[in-house]
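Okay, here's what each chain looks like letter by letter:
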Amino acid sequence: FFFFSPLVPQSHTPTMAARRQNDCEGQSSDPYDANSASPDTYHVLPKESPEEYDAVTGAIEKMKPAFSKIGFGGVVGYCSGIAAKKVGKAIAVLAGVAFIALQSAVYSGYIDVDWKKVEEDVVKKIDTDGDGKITGEDAINYWKKVKAMLTDKVPSAGGFSLGFLYGVSSN
């Protein structure tokens with residue numbers, strides 16, 4: 001009983017001593033038996049038979065309206081978001097390792113790198129709006145290009161952006 005105490009309203013939550021005393025008195029061990037419970041006890045499981053109900057069925061029932069709106073575009077968006085996150089992490093690791101190796105060689109005196117020139121060249125390649133800076137507008141322009149490519153000829157692609165965002169932000 002006390003494992004499910006968050007489901008019981010605070011005004012009805014007994015003390016630990018009262019819980020130990022009343023743990024088994026007059027209660028059935030069957031979570032589906034509505035007749036054995038006191039009126040202030042909530043049942044965790046629905047009143048259907050255990051064979052008809054499981055946790056996944058309950059979650060699907062709660063999510064039915066959302067599932068109808070997600071559609072194919074949302075699903076492929078979610079999968080694309082997860083893939084983009086994994087690939088992005090791999091690219092970031094490779095770029096980080098390359099920078100560490102290059103900067104170690106610069107520090108040791110083996111090579112000389114003009115980082116100002118590297119920065120200018122990188123900004124020139126990445127800057128989409130031509131203002132000489134990497135800004136949020138550049139990110140939006142890249143997102144529009146990627147979205148156009150990934151949703152081209154995809155039926156019901158309306159939920160793609162939401163699915164992609166959820167995929168990228170998921171653990």
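Residues numbered from 1 in each chain as written. Predicted model: local features only at pLDDT ≥ 70, side-chain atom pairs only at ≥ 80, totals over all residues. Heavy atoms only, no water.

Chemist: Before we go on, may I ask you to explain the packing of aromatic side chains in this structure?
Modeler: Note on aromatic pairs: each is described by the distance of the centres and the angle between the planes. As enumerated under the stated definition, the model contains five aromatic pairs in all. Considering the side-chain rings of Trp-143 and Phe-164, the 4.9 Å spacing of their centres and the 40° angle between planes classify their relative orientation as tilted. You can see Trp-143 sitting in helix 4 (residues 136-151) and its partner Phe-164 sitting in helix 5 (residues 160-169), a full 21 residues away along the chain. Aromatic ring contacts, followed pair by pair, group Trp-143, Phe-160 and Phe-164 into a single cluster. Sitting over the face of the ring of Tyr-142, Lys-145 holds its NZ or CZ atom 5.5 Å from the ring centroid. (Phe/Tyr/Trp six-rings, centres within 6.5 Å; stacked < 30°, edge-to-face > 60°. Helix = DSSP H or I, 4+ residues; strand = E, 2+ residues; numbered from the N terminus. Lys NZ or Arg CZ within 6 Å of the ring centre and 35° of its normal.)

Chemist: It is not clear to me how the confidence of the model for the chain should be interpreted in this structure. Could you clarify?
Modeler: Do not read the fine detail of predicted coordinates wherever pLDDT is low. Mean pLDDT over the chain works out to 77, with 67% of the residues at or above the 70 mark. Note that pLDDT drops below 50 for residues 1-9; the model gives that stretch 14 contacts with residues more than four away or on any other chain. (pLDDT = per-residue confidence, 0-100. Contact = heavy atoms within 4.5 Å.)

Chemist: Help me understand the side chain of Thr-151, please; the structure alone is not making it clear to me.
Modeler: For Thr-151, the position within the fold is in helix 4. A polar side-chain atom of Thr-151 sits 2.6 Å from the main-chain carbonyl oxygen of Lys-147. Aside from chain neighbours lying at most four places away, what touches Thr-151 is Ala-157 and Phe-160. (Polar contact = N/O pair within 3.5 Å; in protein donor to acceptor, adjacent residues only side chain to side chain.)

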